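# Residue-level structural notes
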Amino acid sequence: MEIERLRGLIAAPHTPFDRNGMVAYPVIRQQAELLLEQGVTGAYISGTTGEGVSCSVEERLKVMDAWSEASAGRLKLIVHIGALSIRDVETLGRHANELRVHATSVVPPNYFKPASLASLVRFCALAAATAPDTAFYYYHTVMSGVTFPMDKFLEAADGVIPNLAGIKFNSPDLYMYQNCRHACGGRYDIVYGVDEFFAGALALGAECFIGSTYNYMAPTYLEVWEAFRRGDMAGVDRGMRKACLGVDILVKHGGVAAGKAMMLAHGVDCGDPRPPLDRLDDATKRRIVEEFRRIVAR
């Protein structure tokens, strides 16, 4: 498969839940329109931010359908199909292939973990084969506990996984990021995924980014990108300060829950996260919205 390299900002959207904890599918249309309004080029759905592992397979299939309908070809959709059961991966992957999304992706199982690089490649080959007509990105994240060197993964998977397009690289290890960009003659698309390291990855040649804060702060990152192109390092620093203040809110208030609260600043109610993640009370959500608005107005 010829690799089509991704470009621009790809948001990792939240899965919206109503007050009863059920997926609020109509909200997905609002999310898609907000991403387009902010200049985002794609959506990585049902990943970490999307609480994919906290959703049932049936829900994840319907989330795919809702995003496909809402984006109507205007956003490149990447679908996380990872699960503990390979049978669930097969169900999700086949549906993604039928919908002709741009790509599928997996976080490897994190209970029975792959014991070697060879085991990881075999698992990814099975996952990628469920959507053979669709590009496949391995999702490298420190949260999985699977910590093999990713340049060695690419070398081991090269030629073994026909539709392997690259890696969603969610690690602050810019040394390994560089190694992956050059592995196999630079053949693979290495998309960077740690928002607070955005400028560092830019400096190393990154051309596409996947992240949660692009749901509500995409214009800030696009301003940083434009300042970088102009050689305006003071502008890069100012923009990254805003971006990092936004990330500070996530760190302070529990990640996904805080991100969902910041969506309220755009009038999009994504509800609360599912257990075991903690929810925020309404007063805390209001304070987060106020703080977020002060940050973006800086």
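Structure first, text after, so check above.
Read on for an overview of the structure.

Parameters and conventions
Residues numbered from 1 in each chain as written. Predicted model: local features only at pLDDT ≥ 70, side-chain atom pairs only at ≥ 80, totals over all residues. Heavy atoms only, no water. Buried < 20%, exposed > 50% of the residue type's maximum accessible area, 1.4 Å probe, protein only. Helix = DSSP H or I, 4+ residues; strand = E, 2+ residues; numbered from the N terminus. Pairing = 2+ DSSP bridges. Right-handed = clockwise from strand over helix to strand, strands pointing away. Contact = heavy atoms within 4.5 Å. Lys, Arg positive; Asp, Glu negative; His and termini not counted. Salt bridge = Lys/Arg side-chain N within 4 Å of Asp/Glu carboxyl O. Polar contact = N/O pair within 3.5 Å; in protein donor to acceptor, adjacent residues only side chain to side chain.

Let's shift gears to the pairing of strand β4 (residues 103-106). The alternating pattern of β4 places A103 and S105 and T104 and V106 on opposite faces, both of which are buried. Two strands pair when backbone bridges link them, and β4 and strand β5 (residues 135-141) are joined in this way by four bridges, in the parallel orientation. Each residue of the ladder has a partner; that of A103, found in β5, is A135. Handedness of the crossover joining β4 and β5 through helix α4 (residues 117-129): right-handed.

The residue A103 is located in strand β4 in this model. Residue classification places A103 among the buried residues on the basis of a relative accessible area of 0%. As for A103 and L164, which are separated by 61 residues in sequence, their C-alpha atoms are 9.7 Å apart. In this view, A103 contacts L77, I78, V79, T134, A135 and Y137; residues no more than four positions away in its chain are not counted.

On to the side chain of R60, then. Residue position: R60 is located in helix α2 (residues 57-71). The buried charged residue R60 lacks any salt bridge, with D88 as its nearest oppositely charged partner at 6.8 Å. Here H80 takes part through its backbone oxygen, which lies 2.9 Å from a polar atom of the side chain of R60. Apart from the residues lying within four places of it in its own chain, the contact partners of R60 are S46, G52, C55, H80, I81, G82, A83 and L92.

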